[in-house]
There are 2 protein chains.
Amino acid sequence: MYVKGVGMTKFGFENRPTWDMAYEASLEALNGSAINDIDAVVVSTVDTLVSDERQRHYPSLVSSLFKRKIPMIQIPAVCGGGGAAFWTANKLGYDNVLVLGVDKIAVNTPPIITNEIMNATDKVWEQNEGMIFPCSVALIAQQHMLRYGTTTDDLDLVAFKNHENAFLNEKTPFYRKKITLEQIKKSPVVASPFRLYDCTLNVNGAAACVLTKDKTDVEVAGSGLNVDYMGPFEREDMTKLIACEMAAKEAYKKAGIGAEDIDVMEVHDAFTILELISYEDLGFCKKGEGAKLIRDGTTKIDGKLPVNPSGGLKARGHPISATGMAQIYEIVRQLRGECGDRQVSRHKYGLAQNIGGPGGSVIVNIFKKVGG
Amino acid sequence: MYVKGVGMTKFGFENRPTWDMAYEASLEALNGSAINDIDAVVVSTVDTLVSDERQRHYPSLVSSLFKRKIPMIQIPAVCGGGGAAFWTANKLGYDNVLVLGVDKIAVNTPPIITNEIMNATDKVWEQNEGMIFPCSVALIAQQHMLRYGTTTDDLDLVAFKNHENAFLNEKTPFYRKKITLEQIKKSPVVASPFRLYDCTLNVNGAAACVLTKDKTDVEVAGSGLNVDYMGPFEREDMTKLIACEMAAKEAYKKAGIGAEDIDVMEVHDAFTILELISYEDLGFCKKGEGAKLIRDGTTKIDGKLPVNPSGGLKARGHPISATGMAQIYEIVRQLRGECGDRQVSRHKYGLAQNIGGPGGSVIVNIFKKVGG
């Protein structure tokens, strides 16, 4: 399959109905193709009960929105929903599919959001112990630091790099807003070792694309999805996301390439440690050596392997199911050379990696610029 | 694709965790194949917030449950979730897929359940007006009665037939419990014209099957899914479910047959009128003439076209996402001649029709007995 148009709203705190954001992102993605050319829709949203929308039947809502009666399904996978929807759409066999991720989470007070996000973790062993989501991932970070010598300075560098990138991205809440390394280092502790700037920002937003069998300039070279047990505590090795390794293996195999061929990528840095672990599990360095790539500047926008040129979840913000599609939006535009100030120099192969829960679902999609 | 094993828990009010029910139904379906032979899982559940499970990442929970790391996705479609999961699994291209529907709704007080089910309808035009789900479908019934002369006596006959069938089904809450026509006629009004016995019963349960590329004795002959606008009030004709007509057309086309070839079917009689409308929209009679088939006994278990031999949603109960898979469980067992006292006599082609919302998603799956 190939990617035709892509679309994305600004990510932020604006209180718009999800259908309004879904409409905007979809229309931008449909630019060049008409809604009448679409054969099916795959939408990802975490039923929008966290807001006041009370809407559990999103495919039918999309039908009302576009006044279209075609096959439509919904694929939620908590924070990995966008990627999972794309992976599924790529397999359905339709000629033209609209894939859409949308969520609205930044409308309530932090305790309500924190409570909602806890539902992505194990009820008995995590939630009942009061382990909010940042704590669950903090345990992973602690293990990684203990075993491999990763430091909070390394985590700070991830946050700093991604805020530098978001400074150049007009769709983020940090556009033209400088965040200094000192601000990052002095920010309040959320769940040790994470400070405020180690954590993503929950925002509202939507992103979409049109997947097509017509040959365009961007091909879906490979796509993999895998799941793993709910709790990091259940896993053989807490510092490794096995689902990521498996999904990547599948995607590389289908694409007929290896990690060394990737020119640019967006990874799921909901917490800074996840970016470093993703360098490892996606095959860009040995286990435990992720920090090297941030220390030596490899993953900066002008480095050898730019990672999260959009600013990532860290600094672009994370509207749950829209995130996976926003990553794809960025990668496709990077491959097309449309990213202006933050355009990376080499852009033949791009990779988008989306994570649901603390590694329970991982989706890896690889894109290839065809010709040009 | 073909169907290997099928599995189903008893439907009822037992307060078991969803994972426990999911495990039981899955193991029964896996009978004859090992979990190690499964390449992917498609699970349908409405995030189980209606109960106290607080679990938004069900694929990962299934991974923990079976200790398996393979591709798994979740497909909710409110009451049509089971059918939608099956439709999707049939398209994914894996050799062996476990399809699972599970929900737990009968654990709270009726106001909480009623409030939850309202989320399957339009927020602005229906929920805000206090239109609970039975009211939404009652409007459809009123229109059908007004336009086509369908009567409450006809609706009573649907309830009576399906309770007679459930009397023979050991998995239903009405097993060996007689419900008389008089009880039905004297039951309290819920939303006119619906009395208590016109409405399905919300229960807990799970149902599953293994879809395979290996040739078995039951083939998936055709499968169709379509969506329509959220509210009946938005539609050109409230008495017709266009999504049903479209999904059926697709399924018949793929199967290379017509309605006249179907020997037995399970339809989504969440409210009695929906069974009559389904006779029409699935092509078994002209628009408006559905009542004839219940009056003349055509759809009784010993009639020419037995409908809902399991007891249907009406009398088998309706555990939301498990319903679509329970319909498939019944049809596959009918085709295999395994249904004992309620076994239908002719069983080459069977059809299962599952509806999400008041017609917003409709899924039609057709099964064919191969050989024998």
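Everything below is about the structure printed above this text.
Residues numbered from 1 in each chain as written. Chains lettered and ligands numbered in written order. Predicted model: local features only at pLDDT ≥ 70, side-chain atom pairs only at ≥ 80, totals over all residues. Heavy atoms only, no water.

1. Side note on the packing of helix H3 (residues 81–89) of chain B against helix H12 (residues 323–335) of chain B
All names here are of chain B.
Stage number 1. Contact pair H3 / H12: the axes reach a minimum separation of 5 Å and the direction vectors enclose 70°. In this view, H3 runs roughly perpendicular relative to H12, as classed from their interaxial angle. Contacts between H3 and H12 involve Gly82, Gly83 and Phe86 from the first element and Gly324, Met325 and Ile328 from the second.
Stage number 2. Partitioning the contact of H3 with H12 into residue classes produces three nonpolar, three polar and no charged. (Axes fitted to C-alpha atoms, helices over the stretch in contact; angles between N-to-C directions. Helix = DSSP H or I, 4+ residues; strand = E, 2+ residues; numbered from the N terminus. Parallel < 35°, antiparallel > 145°, perpendicular 65-115°, else oblique. Contact = heavy atoms within 4.5 Å. Nonpolar A, V, L, I, M, F, W, Y, C, P; charged D, E, K, R; others polar.)

2. Considering the relation of the copies chain B and chain A
Stage number 1. If you rotate chain B by 180° and push it 0.0 Å along the axis, it lands on chain A with an RMSD of 0.0 Å. Here the copies are linked by what is in effect a two-fold axis. Closest to the rotation axis within chain B is the C-alpha of Ile75(B), separated from it by 2.7 Å.
Stage number 2. The residues that chain B uses at the interface reappear at the interface of chain A in 100% of cases, marking a shared surface. (Least-squares fit on C-alpha atoms with pLDDT ≥ 70 in both.)

3. A look at the packing of helix H1 (residues 18–30) of chain B against helix H2 (residues 58–66) of chain B
Residues and elements named next belong to chain B.
Stage number 1. Where H1 contacts H2, the two axes come as close as 11 Å, and the packing angle between them is 65°. Viewed along their axes, H1 and H2 form a crossing whose handedness is right-handed. Together, Thr18, Trp19, Ala22, Tyr23, Ser26, Leu27 and Leu30 of H1 and Tyr58, Leu61, Leu65 and Phe66 of H2 make up the contact between the two elements.
Stage number 2. Taken together, the residues that form the contact of H1 with H2 break down as nine nonpolar, two polar and no charged. (Left-handed = near helix turned anticlockwise from the far one by under 90°.)

4. A short note on the interface of chain B and chain A
Stage number 1. With 54 residues of chain B in contact, the opposing surface of chain A contributes 54 residues.
Stage number 2. Carbon and sulfur atoms supply 52% of the area buried between chain B and chain A, which totals about 4,700 Å² over both sides.
Stage number 3. Area buried by chain B at its contact with chain A is led by Arg54(B), Arg56(B) and Lys69(B), which between them contribute 19% of it.
Stage number 4. Inspection of the chain B/chain A interface yields eight salt bridges.
Stage number 5. With its nearest N and O atoms 3.3 Å apart, the salt bridge here joins Glu236(B) to Lys69(A).
Stage number 6. Seen at the junction of chain B and chain A, the total is 36 residue pairs in polar contact (both at pLDDT 80 or more).
Stage number 7. Looking at the side of chain B that touches chain A, the elements with two or more residues in it are H2, strand E3 (72–74), H3, helix H4 (110–118), strand E8 (218–227) and helix H8 (242–255) of chain B.
Stage number 8. Among the elements that take part in the side of chain B that touches chain A, H2(B) stands out by supplying five residues, more than any other. (Buried area = accessible area lost by both parts, 1.4 Å probe. Salt bridge = Lys/Arg side-chain N within 4 Å of Asp/Glu carboxyl O. Polar contact = N/O pair within 3.5 Å; in protein donor to acceptor, adjacent residues only side chain to side chain.)

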